[in-house]
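Coordinate analysis (summary)
Residues per chain are reported as follows:
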Amino acid sequence: MKKEIQINFDDFEEKGLYLIFPDGGKLGLTRVNIEQTVDVFWRDPARIPEHVKKAAEFRKCSICPLREQQGMCYAIRPTMPFLDIVDKYVSCDEVTAVFKREKDILHVSATTMQKALEFVSILSLVYFCETGKIYWKYFYGINPLMDLHEIASRFYLNLFFLHKGEKDKVDGIISKFKDDITVTSQNQSARLNMVCKNDAFLNAFTNTQITGLFLSMDMEDVLKKSFDKFEQARTVK
């Protein structure tokens, strides 16, 4: 049975991720909404109690460049807009995810809550996390609605190109990325456990660690198999 998705392009003015729920609700994860929500949550002890702010699990990571500074970890910021609504849904609930990267381009996917939230984890751990910022350029051209295998493959190709195929350097960065993403995602899961009991967030952050595991594989072999599969599909009449 085919599923029809109807959206109005004008409903998505700002760049970011939007989730449309079966009950008609819509949540926009844009930078403006993230910052506004963070301010509200951080100032309201009913939402983030003082004992949570002071808890060891809520502190910045030991590898964070800003670990000596007080205040909310930057990586947890993109999760804040979801906390008022996420407990209404579970991982397997169907949602429509819309990602706007450029002015005239929308990426649309009929997916599950867990799958849609994988982008939140990538946004959090790569684009907001102070440690993750060193990997920004390797995520160039990645559509967050891609599956994790595609993300890992594109990440590897970017890395390979930018370092001119120097295997030792590529392998070293992949190893460090895997270690860093494991630390930050585990700590992020611990923080989320303190403010949200919904399994969708935790599963999404766990799946982000899988990206690191993909990168520890023989990516040249993985890419060859992917290209072979593509070529076979293209030649099928």
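See the structure shown above.
Here is a short report on the structure shown in this document. (Residues numbered from 1 in each chain as written. Predicted model: local features only at pLDDT ≥ 70, side-chain atom pairs only at ≥ 80, totals over all residues. Heavy atoms only, no water.)

1. Topic: the overall build of the protein chain
- What the protein chain contains, in helices and strands, is seven helices and four strands.
- Reading the protein chain from its N terminus to its C terminus gives the helix and strand order β-β-α-α-β-β-α-α-α-α-α.
- Computed over the C-alpha atoms, the radius of gyration of the protein chain is 19 Å, within 12% of the 18 Å expected from 2.2 N^0.38 for a compact globule of 237 residues.
- In terms of principal-axis extent, the alpha carbons of the protein chain reach across some 60 × 45 × 30 Å.
- A burial count over the protein chain gives 46% of its 237 residues as buried.
- Look at the contacts in the protein chain between residues 6 or more apart in sequence, and 66% of them connect residues 24 or more apart. (Helix = DSSP H or I, 4+ residues; strand = E, 2+ residues; numbered from the N terminus. Rg over C-alpha atoms; globule rule 2.2 N^0.38 Å. Buried < 20%, exposed > 50% of the residue type's maximum accessible area, 1.4 Å probe, protein only. Contact = heavy atoms within 4.5 Å.)

2. Quick look at the nonpolar core
- Counting residues in each nonpolar core, the largest one holds 57 residues, and the members touching the most others are L19, F139 and F155.
- If one sorts the elements of this core by residue count, helix α3 (residues 113-128) sits on top with ten residues.
- Once residues lying within four places of it in the same chain are set aside, the contact partners of F155 are Y135, Y138, F139, I142, F177 and L215. (Core = buried A, V, L, I, M, F, W, Y, C linked by side-chain atoms within 4.5 Å.)

3. What about the sheet that holds strand β2 (residues 26-29)?
- Reading across from one edge, β2-β1-β3-β4 is the order of the four strands in this open sheet, with antiparallel pairing throughout. The sheet is open, and its two edges are formed by β2 and β4 (105-112), each paired on a single side. Across the sheet, the axes of successive neighbouring strands diverge by a mean angle of 20°, strand direction being ignored.
- Packed on one face of the sheet, α3 meets β1 (16-20), β2, β3 (94-102) and β4 and runs near 130° to β4. (Pairing = 2+ DSSP bridges. Axes fitted to C-alpha atoms, helices over the stretch in contact; angles between N-to-C directions.)

4. So, the packing of helix α4 (residues 148-162) against helix α5 (residues 167-195)
- The geometry of α4 relative to α5 is characterised by a closest axis approach of 10 Å and an angle of 135° between their N-to-C directions. In terms of orientation, α4 lies oblique with respect to α5. Handedness of the crossing formed by α4 with α5: right-handed. Touching F155, Y156, L159 and F160 of α4 are V170, I173, I174 and F177, all from α5.
- Of the residues that constitute the contact of α4 with α5, the class distribution is eight nonpolar, no polar and no charged. (Parallel < 35°, antiparallel > 145°, perpendicular 65-115°, else oblique. Left-handed = near helix turned anticlockwise from the far one by under 90°. Nonpolar A, V, L, I, M, F, W, Y, C, P; charged D, E, K, R; others polar.)

5. Concerning a nonpolar patch on the surface
- On the surface, I5, I7 and V108 cluster together into a nonpolar patch covering about 200 Å² of accessible area.
- Examined against the element boundaries, I5 turns out to sit in the segment before β1.
- On the basis of relative accessible area, I5 is assigned to the partly exposed category, the value being 33%. (Patch = residues over 30% accessible without salt bridge, like charges linked within 9 Å, V, L, I, M, F, W, Y side chains within 5 Å. Areas by Shrake-Rupley, 256 points an atom, 1.4 Å probe, with all protein chains shown as cover. Salt bridge = Lys/Arg side-chain N within 4 Å of Asp/Glu carboxyl O.)

6. Remarks on the pattern of salt bridges
- With the rule as written, the count across this model stands at eight salt bridges.
- Among the ionic pairs, R47 bridges to D44, the shortest N-O distance being 3.3 Å.
- We classify R47 as partly exposed; its relative accessible area is 33%.
- The exposure class of D44 is partly exposed, given its relative accessible area of 26%.
- Here E50 makes a salt bridge to K53, at a shortest N to O gap of 3.4 Å. Of this pair, E50 and K53 are both found in helix α2 (residues 50-54), three residues apart, which corresponds to roughly one turn of the helix.

7. Digging into unusual backbone geometry
- Non-glycine residue K164 carries a positive phi angle of around 55°.
- On the secondary structure map, K164 appears in the loop between α4 and α5.

8. A look at the pairing of β1
- In terms of residue burial, β1 counts as a mostly covered element, since four of its five residues are buried.
- With five bridges connecting them, β1 and β3 associate as antiparallel partners. Within β3, the position partnered with L19 by the bridge is A97.
- Across four bridges, β1 lies against β2 in antiparallel orientation. The residue bridging L17 from the neighbouring strand is L29, located in β2.
- A loop of five residues connects β1 with β2, the two strands running antiparallel in sequence, and G24 in this loop sits at a positive phi of about 95°.

9. Structural notes on the side chain of D180
- Inspection of the secondary structure assignment puts D180 in helix α5.
- Ignoring any residue separated from it by four or fewer positions in sequence, one finds D180 in contact with I63, T131, I134 and Y135.

All we've got here are geometric facts, nothing functional implied.
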